[in-house]
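What follows is each chain in one-letter form.
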Amino acid sequence: MAENNAVNGIVLDEASLTLEEFARACAVERQWVVERVESGMLGDGSHYVSQWRFTSRDLTRARRLRQMEYDFDAEPELAALVADLFEEVDYLRKRLRAAGIDTN
């Protein structure tokens, strides 16, 4: 895994990153991203590497995956499950707020 020299910043929802930009922003090797896309943990499922583009949602998910794998020595599949659960909790909190229910 690459050193923790991630590019900090905000990626707008309309913007997209190439594979190389995405790997750099996540502070991982290109192959780490390729493996997770091919296994269905990241990206939109496209089989053509040249067409891969990553959004801010992908960036958040990838950083969670990397963090779980690094901090807890988690297998990629377990890290993906944890990322799924985080995403579900975020979604449910947004729905509660939209319904006027405090989530704190």
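Just above sits the structure.
The following paragraphs examine the structure supplied in this document. (Residues numbered from 1 in each chain as written. Predicted model: local features only at pLDDT ≥ 70, side-chain atom pairs only at ≥ 80, totals over all residues. Heavy atoms only, no water.)

**Some thoughts on unusual backbone geometry**
Its identity is not glycine, yet A27 carries a phi of approximately 60 degrees, on the positive side. On the secondary structure map, A27 appears in the loop between α1 (19-26) and α2 (30-38). The class of A27 is buried, set by a relative accessible area of 3%. Positioned with a positive phi, D73 is a non-glycine residue whose angle comes to about 50 degrees. One can find D73 in the loop between α3 (56-72) and α4 (76-98). Exposure remark for D73: the relative accessible area of 68% places this residue in the exposed category. (Helix = DSSP H or I, 4+ residues; strand = E, 2+ residues; numbered from the N terminus. Buried < 20%, exposed > 50% of the residue type's maximum accessible area, 1.4 Å probe, protein only.)

**Considerations on the side chain of E69**
One can find E69 in helix α3. Given a relative accessible area of 9%, E69 falls into the buried group. Within the local environment of E69, its side chain forms a polar contact with the side chain of R36, the two groups lying 2.9 Å apart. (Polar contact = N/O pair within 3.5 Å; in protein donor to acceptor, adjacent residues only side chain to side chain.)

**Focus: the packing of aromatic side chains**
Evaluated as defined, the whole model comprises 2 aromatic pairs. Taken together, F22, W52 and F54 form an aromatic cluster joined through their ring pairs. (Phe/Tyr/Trp six-rings, centres within 6.5 Å; stacked < 30°, edge-to-face > 60°.)

**Some thoughts on the pattern of salt bridges**
Counted under the stated rule, the structure contains 7 salt bridges. Salt-bridge contacts for E87 lead to R61; the nearest nitrogen and oxygen are separated by 3.0 Å. Separated by 26 residues along the polypeptide, E87 in helix α4 and R61 in helix α3 bring together distant segments of the chain. Here R64 makes a salt bridge to D90, at a shortest N to O gap of 3.1 Å. Of this pair, R64 sits in helix α3 while D90 sits in helix α4, and the two are 26 residues apart along the sequence. Classification of R64 as partly exposed rests on a relative accessible area of 23%. Here the residues in one salt-bridge network are R57, R61, D84 and E87, joined through shared partners. (Salt bridge = Lys/Arg side-chain N within 4 Å of Asp/Glu carboxyl O.)

Geometric values such as these leave the question of function open.
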